[in-house]
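# Analysis of the macromolecular model
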Amino acid sequence: MREPHPLPLVDELLGSVDGATVFSKIDVKDAYHQLEISQQSRPITTFIMKTGLYRYKRLMFGVSCAPEIFQKTMETVLVGLKGIIIYLDDIVVFGASKIEHDKRLEELLKRLEQYGVLLNHQKCVYRANEIEFLGHVLNANGVKPTESRITAIRSFREPKIAYNYETIYESGSNNLADALSRLCVIPPKAFDHSTEMHIHRMVQSCVLDAVVLKDIVEATKKDGTLQEVLLSLEMNTWTENTRGYKQFKPELHTAGGVVMRGDRRVIPETLQAQVIACAHEGHPGMSSIRGGGDNKANPCGTCSTGVIRNILSVRFP
């Protein structure tokens, strides 16, 4: 589950340094690697190498939720401290005077030591009048973009094509583009009632009722043979009527009042014709196939691939 802790916006962070004259920038060493992964989460970091399977014990770079987790952890560790900005592994300390700055810096370093947070001192900057942070320069005059960013914008090439235009109204008779809309106009013609009625009757005749699970359950209750099969499965005794099902015993079971063969439902005899009709709906030769049965499946190209036979496999000898 992703950590519901969004990263702070740059504008929100930099707005708090107004009036500051002294700055320090602290870099947390190895960032995410300082956080230990819980035992229950370590298996999902498993990776394979030639020498075997390995998993991480520390939060690694590349995990999509790692920034939010690390940001939340750092904010929790440094909660209550004044004059600091936290953005992932960078911490800025600022003050209106050197005394105020030094006091805040000392409190920060004590808190980091208390929680065992390691620092990269080679990247740290202390007691500076100006620092760079998140693409901006922070100093006593306020906040401004770094020179590298300004230069990048200034060095953009000029666009090769400049569009200078004005809007002029043209009537449809003089406007060729207007022909596109006029071409869509279809001249009206008389409504053919007989054709519409014929189409309506064809559609009505093709509408089939779907066979739902409730129908199968009710039909199974009324099917004497399937009721005997249910009893045979329960008692392990097979009658003359259910002897044909015995050879499929390893595959047979019951689910919700329906006899199952593997993952397929055994369709009661009263519903088999309707199931065949539904299966053939839209297939070539539908009208000649609706009679039902395996012998009717061969003319249908779709059913010859096994669709109907899968359904009719519930028809035991």
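Every chain begins its residue count from 1, and numbering advances along the sequence as written. Two thresholds apply to this predicted model, a pLDDT of at least 70 for residue-level local features and 80 or more for giving and counting side-chain atom pairs, whereas whole-chain, interface and lining totals are computed over all residues. Only heavy atoms go into the side-chain values, all of them from the structure, while hydrogens and water stay out.

## Let's talk about the environment of His253
On the secondary structure map, His253 appears in strand 10 (residues 252-255). In this scheme, a residue with accessible area under 20% of its type's maximum is buried, one over 50% is exposed, and one in between is partly exposed, where area comes from a 1.4 Å probe on protein chains only. Using a relative accessible area of 33% as the deciding quantity, one classes His253 as partly exposed. Separated by 24 residues in the primary sequence, His253 and Val229 have C-alpha atoms spaced 9.7 Å apart. In this description, contact between two residues means that some pair of their heavy atoms is separated by no more than 4.5 Å. For His253, the contacting residues outside a window of four places in its chain are Leu233, Val258, Val259, Met260 and Gly262. Within 3.5 Å is the distance limit for a polar contact, defined as a pair of N or O atoms, with the added protein rule that one can donate a hydrogen and the other accept it, and that residues adjacent in sequence qualify only through two side-chain atoms. One polar contact links the side chain of His253 to the main-chain carbonyl oxygen of Gly262, over a distance of 2.8 Å. Helix and strand assignments come from DSSP, with helices taken as H or I runs of at least 4 residues and strands as E runs of at least 2, each series counted from the N terminus.

## Remarks on the side chain of Gln71
Relative to the assigned elements, Gln71 resides in helix 2 (residues 66-77). Residue Gln71 is classed as buried on the basis of its relative accessible area of 0%. Among the polar contacts made by the side chain of Gln71, one reaches the side chain of Glu75 at a distance of 2.7 Å. Sequence-distant contacts of Gln71, that is, excluding residues within four places in its chain, are made with His5, Leu7, Pro8, Ile86, Tyr87 and Leu88.

## Observations concerning unusual backbone geometry
If you check the backbone angles, Leu88 has positive phi at about 55 degrees while not being a glycine. Note that Leu88 resides in the loop between strand 4 (84-87) and strand 5 (90-95). On the basis of relative accessible area, Leu88 is assigned to the buried category, the value being 16%. For Leu134, which is not glycine, the phi dihedral falls at a positive 55 degrees. Its location among the elements puts Leu134 in the loop between strand 7 (130-133) and strand 8 (136-139).

## Remarks on the pairing of strand 4
Side chains Ile84 and Ile86 project from strand 4 onto one buried face, and the interleaved Ile85 and Tyr87 project onto a second face that is buried too. Strand pairing is assigned whenever DSSP detects at least two bridges linking the two strands. Counting the residues between successive antiparallel strands, the hairpin from strand 4 to strand 5 contains two residues, one of them, Leu88, with a positive phi of roughly 55 degrees.

## Here's the deal with helix 2
Here the expected length of a helix is defined as 1.5 Å per residue gap, with one fewer gap than residues. For helix 2, which comprises 12 residues, the first-to-last C-alpha distance of 16 Å matches the rise-based estimate of 16 Å (1.5 Å per residue) to within 8%. All of the buried residues in helix 2 are Ala66, Glu68, Phe70, Gln71, Met74 and Val77. Here the buried face of helix 2 lies against strand 4, strand 5 and helix 3 (98-114).

## Quick look at the sheet that holds strand 12 (residues 264-265)
As a general point, the strands of a sheet are linked pairwise by backbone hydrogen bonds and lie either parallel or antiparallel. Spatial ordering of the open sheet is given by 10-11-12, a layout of three strands whose pairing is antiparallel. Each having just a single partner strand, strand 10 and strand 12 make up the two edges of the open sheet. Pairing of strand 11 (residues 258-261) with strand 12 involves two bridges; the strand directions are antiparallel. Paired with Arg261 across the two strands is Arg264, which belongs to strand 12. Interaxial angles span 0 to 180 degrees and are taken between N-to-C directions of axes, which are lines fitted to C-alpha atoms, for helices over the stretch in contact. Sitting on the sheet, helix 8 (residues 224-235) is in contact with strand 10 and strand 11, with an inclination near 105 degrees to strand 10.

## Quick notes on the environment of Arg243
Mapping Arg243 onto the fold places it in helix 9 (residues 243-246). Taking the C-alpha atoms as reference, Arg243 lies 9.1 Å from Val229; in sequence the two are 14 residues apart.

## Brief notes about the confidence of the model for the protein
The pLDDT value expresses, per residue, how confident the predictor is, ranging between 0 and 100. Summing up the model confidence of the protein, the mean pLDDT is 79 and the portion of residues at 70 or higher is 77%. Low pLDDT, under 50, characterises residues 285-299; the stretch is placed with 26 contacts to residues that sit more than four places away or in other chains. This stretch, residues 304-317, has a pLDDT under 50; its non-local contacts, to residues over four places away or in other chains, come to 35 contacts.

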